[in-house]
Every structure is written in C-alpha cells, then in structure tokens.
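# Examination of the molecular architecture
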Amino acid sequence: MKTLLLGALISMMCIALLYGCDSRPKVTPEGIRLDLAGKTIGAFACQKDTIKDVAIVESTYKGDKATIIVDLKTADSVIPPLSGRLRLHYQWTSPEWKLTMIENLTFRESRT
C-alpha cells in the first residue's frame, strides 16, 4: 500500500513539473497600467492617468518569463486618441513580475 501511495505521489509531482505548477501571481490589467507609467511607446509617453483601458488578449507563462498581449486605449484627454495592441515581456524577479520589453504591434492614432 505504501509503495502504491508513493508511486502516485511521484506521478503527481512529475505531472506538476511537466505542466508548470507555479504559485506566482499572474500579471493583471491594473499591474500593466502601473508598469507602463513612465514608459514611452513611439512618441507617446504613458502615464497612469493617460491609459483608459487595458485588456489582456493572450498570456503565456514559461518559468520566470511571461509574454502578455494587450489591447490598450488612451484616456479621452489624450489628443489624438491612441489605441492598439502591444506585446509585453516580463521577467520574474521575486517577489514580482518586472516589465522588460514593450513591442508595438498596432498601437497608433485611432480613427474614432
């Protein structure tokens, strides 16, 4: 019986290792808003109050790296209004995710 339980425990540990059992928190839209504050995307200087909406479209976590694709819209006070998609690269630096790179996929002046 002990051998059977030990085998089951080892199997569960192997599955957890293979499929990424990780207790790190996920990057959130509010965290992204704070991370972008003070960064420049093209000619646009992000501030906490100039970002209206952040929507996570896709996220990939692999070990101590994360890639997040977001749709971003600027606040109504920003002229001209900007919107589009960014790919954000994060590195886990305990105890938090640190934004390391911003790729502009489609973020530009919106025609609304």
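This write-up is about the structure you can find in this document. (Residues numbered from 1 in each chain as written. Predicted model: local features only at pLDDT ≥ 70, side-chain atom pairs only at ≥ 80, totals over all residues. Heavy atoms only, no water.)

## Observations regarding the overall build of the chain
If you tally the helices and strands in the chain, you get 2 helices and 7 strands. The 112 residues of the chain split such that 27% are buried. Summed over its atoms, the accessible surface of the chain is roughly 7800 Å², and 58% of this surface lies on carbon and sulfur atoms. (Helix = DSSP H or I, 4+ residues; strand = E, 2+ residues; numbered from the N terminus. Buried < 20%, exposed > 50% of the residue type's maximum accessible area, 1.4 Å probe, protein only. Areas by Shrake-Rupley, 256 points an atom, 1.4 Å probe, with all protein chains shown as cover.)

## What about the pairing of strand 6 (residues 96-104)?
As paired elements, strand 5 (residues 82-93) and strand 6 share 8 bridges and run antiparallel to each other. Note on strand 6: the bridge partner recorded for L86 is N104. Hairpin remark: strand 5 followed by strand 6, antiparallel, with 2 residues in the connecting loop. (Pairing = 2+ DSSP bridges.)

## With respect to the packing of aromatic side chains
As enumerated under the stated definition, the model contains 3 aromatic pairs in all. On the basis of an interplanar angle of 50° and a centroid distance of 5.9 Å, the ring pair of F44 and F107 is categorised as tilted. Taken together, the residues span a long stretch of sequence, with F44 in strand 2 (residues 44-45) and F107 in the loop between strand 6 and strand 7 (108-109) at a distance of 63 residues. Taking the relative accessible area as the measure of exposure, F44 reaches 10% and is therefore buried. Assessed through its relative accessible area of 6%, F107 is described here as buried. (Phe/Tyr/Trp six-rings, centres within 6.5 Å; stacked < 30°, edge-to-face > 60°.)

## Some remarks on the pattern of salt bridges
One pass over the structure, following the stated rule, counts 5 salt bridges. Salt-bridge contacts for R33 lead to E30; the nearest nitrogen and oxygen are separated by 3.3 Å. Taken together, the residues R33 and E30, both in helix 2 (residues 29-36) and 3 residues apart, mark about one turn of the helix. Among the salt bridges present, the one from R85 reaches D71, with a minimum N-O distance of 2.9 Å. With a gap of 14 residues between them, R85 in strand 5 and D71 in strand 4 (residues 65-74) connect regions that are remote in the sequence. (Salt bridge = Lys/Arg side-chain N within 4 Å of Asp/Glu carboxyl O.)

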